[in-house]
Amino acid sequence: TPARKNAKRATRSEAITITHPDREVYPGEGITKQDVADYYRAVMDWFLPGVLNRPTSVIRWPNGIGKPSFFQKHIPTGGLKHVGSARLKEETGASAVYLYPESADSIIELVQFNAIEFHPWGAHVDNPDCADRVVFDLDPGEDVSWTRVKAAARLMRQLLDQLGLECFLRTTGGKGLHVVVPLKPASPWKIVKQFAQSFAQVLESMHPLEFIAVSSKARRAGKIYVDYLRNGRGATAVASYSLRGRPGAPVAMPLRWSELGKLKSASQFNIKTAVARLKRQRSDPWEGIDKVRQSLGAVIKALSS
Ligand code: ATP
Ligand code: MN
Ligand code: MN
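Since we're looking at a predicted model, the values are computed, not measured.

S.K.: Give me the overall build of the chain: which residues, what numbers.
M.R.: Tallying secondary structure elements over the chain gives eight helices and 13 strands in all. Over its C-alpha trace the chain gives a radius of gyration of 19 Å, about what one expects of a compact globule, namely 19 Å for 305 residues. In terms of its C-alpha atoms, the chain occupies a principal-axis envelope of roughly 55 × 40 × 40 Å. The buried share of the chain, taken over its 305 residues, is 42%. Restricting the contact set of the chain to residue pairs at least 6 apart, pairs at least 24 apart contribute 69%.

S.K.: Got a sec to walk through the site of ligand 1? Specific residues and values, please.
M.R.: Surveying the vicinity of ligand 1 reveals 14 residues, the closest of which are H119, T172, G174, G176 and T236. Here the residues of the shell around ligand 1 sort into four nonpolar, five polar and five charged.

S.K.: I'd like a rundown of the sheet that holds strand 9 (residues 168–171), residues and numbers included.
M.R.: Reading across from one edge, 11-12-8-10-9-13 is the order of the six strands in this open sheet, with mixed pairing throughout. Of all the strands in the sheet, the pair left with one neighbour each is strand 11 (211–212) and strand 13 (254–255). Running at roughly 25° to strand 10 (residues 177–188), helix 4 (residues 146–162) makes contact with strand 8 (130–140), strand 9, strand 10, strand 11 and strand 12 (224–227) of the sheet. The sheet contacts of helix 5 (residues 189–206) involve strand 8, strand 10, strand 11 and strand 12, and relative to strand 10 the element is tilted by about 145°.

S.K.: How would you explain the environment of Y241 if you had to name every residue and give the values?
M.R.: By the element assignment, Y241 lies in the loop between strand 12 and strand 13. In this structure Y241 comes out as buried when scored by C-beta crowding, with 27 C-beta atoms within 10 Å. A sequence separation of 191 residues divides Y241 from G50, and the C-alpha atoms of the two residues are 8.7 Å apart. Not counting chain neighbours up to four residues away, the residues in contact with Y241 comprise V43, W46, F47, G50, V251, A252 and A274.

S.K.: Requested: an account of the domain arrangement of the chain, with residues and values cited.
M.R.: Many authors give the size of an interface as the accessible area that is lost as the parts come together. The domains assigned to the chain are domain 1 (2–125 + 236–247 + 269–280) and domain 2 (130–233 + 291–304). Computed from C-alpha coordinates alone, the two centres of domain 1 and domain 2 are separated by 25 Å. Listed per partner, the contact involves ten residues of domain 1 and 17 residues of domain 2. By residue class, the composition of the side of domain 1 that touches domain 2 is four nonpolar, three polar and three charged.

S.K.: So what's going on with the pairing of strand 8? Residues and values would help.
M.R.: Counting buried positions along strand 8 gives nine out of eleven residues, so the element sits mostly inside the fold. Two elements, strand 8 and strand 10, share eight bridges in a ladder whose sense is antiparallel. Residue pairing across strands places R133 opposite P182, the latter belonging to strand 10. Pairing of strand 8 with strand 12, which is carried by four bridges, proceeds in the antiparallel orientation. In the strand pairing of strand 12, D139 is matched with Y225.

S.K.: Describe the pairing of strand 9, listing the residues and the values that go with them.
M.R.: Burial along strand 9 is two-sided: the face carrying F168 and R170 and the face carrying L169 and T171 are both buried. Where strand 9 lies against strand 10, four bridges are found, and the strand directions are antiparallel. Opposite R170, over in strand 10, you have H178 as the bridge partner. Between strand 9 and strand 10, which follow one another and run antiparallel, lie five residues, and G173 among them has a positive phi close to 85°. Of the pairings in the sheet, the one linking strand 9 to strand 13 comprises two bridges and is antiparallel in character. By the bridge assignment, L169 is partnered in strand 13 with L255.

S.K.: Pulling in residues and values, what's your account of the nonpolar core?
M.R.: Judged by nonpolar contacts, the single largest core of 79 residues is most densely connected at L138, V179 and V226. Looking at this core, the element that brings in the most residues is helix 5, giving seven residues. Built from parts of two domains, this core gets at least three residues from each of domain 1 (2–125 + 236–247 + 269–280) and domain 2 (130–233 + 291–304). Excluding its chain neighbours within four sequence positions, the residues that come into contact with V179 are F136, L138, A153, M156, R157, C167 and L169.

S.K.: Mind laying out helix 3 (residues 104–112), listing which residues take part and the relevant values?
M.R.: Each turn of an α-helix holds 3.6 residues, which means side chains three or four residues apart point in the same direction. By the criterion of burial, helix 3 is predominantly enclosed, with nine of the nine residues buried. Those residues of helix 3 lying buried are A104, D105, S106, I107, I108, E109, L110, V111 and Q112. N114 lies just past helix 3 and shows a positive phi near 75°.

Criteria and cut-off values
Residues numbered from 1 in each chain as written. Chains lettered and ligands numbered in written order. Predicted model: local features only at pLDDT ≥ 70, side-chain atom pairs only at ≥ 80, totals over all residues. Helix = DSSP H or I, 4+ residues; strand = E, 2+ residues; numbered from the N terminus. Rg over C-alpha atoms; globule rule 2.2 N^0.38 Å. Buried ≥ 20, exposed ≤ 12 C-beta atoms within 10 Å, placed from the backbone. Contact = placed C-beta atoms within 7 Å. Near = placed C-beta within 6 Å. Nonpolar A, V, L, I, M, F, W, Y, C, P; charged D, E, K, R; others polar. Pairing = 2+ DSSP bridges. Axes fitted to C-alpha atoms, helices over the stretch in contact; angles between N-to-C directions. Domains from an automatic or database assignment. Core = buried A, V, L, I, M, F, W, Y, C linked by C-beta atoms within 7 Å.

Below, the structure is given as structure tokens:
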């Protein structure tokens, strides 16, 4: 795909110096800042297409995980030489300069800036008002077994399939799963947000013991919250292949649906096992996602008729 080709070209330059390379970023795990940079270089061809030219927030841990972190959306004063910046209008009417990866150097420079996690928008900088991805974030409440989380993802896929929408699966590296629906042509955020909320509500009314569509922590116990709020202008979701700043250095891993059965947990893949998997990986588990042509127009028409 063109995105892959651009990414390949972009991975060539290796101009960034990592300072404090031996600083332990995951305390007690022997994983250093250099290891984080090496990880992103190793997975770059797979990782970059998922963040390239998307406004992206990074989570930085200047003193390692367990210490304070910073969720950063904007280019800091002093700047970053290799990271794209785009002035985007806020919903309030004001505007702000958002950062976006435009090459492999962007990623490595952000790692040098102590970024560990990457969280892109579901939109590209050249069309920030339209979403080209819907992300359903399945957040299991307390006392929800892993078997139920997997069954929930399967149910969701079934229902999306009935609406004629193809979807893709990834672990978050945390507790849950993401189900991602690509949109081409992209749709205005207002429509996407409305669809995401309605879909979550339909899931809840079809399976009230499994799903909940409101974020109330109290009501979430024993159920899976369908976090549809990832779908709004400026909202983010973790990128595929992003490291997480949590013990064990887990990775958000895109999977084939056929791999769901054997999946042991949302944090099954980590900085080591992810690289091993990618060395064996012949084809993209999300093969074809860029070729899928589907939009919400037909769905909304069908639902309202
Ligand atoms: P898990 O499987 O453990 O839920 P997750 O990545 O889905 O992992 P959530 O807590 O559900 O984690 O958060 C969903 C998304 O919300 C994150 O991936 C991130 O992009 C976004 N997010 C997290 N923290 C912030 C924050 N402080 N400000 C804005 N958005 C955030
Ligand atoms: Mn989640
Ligand atoms: Mn969530």
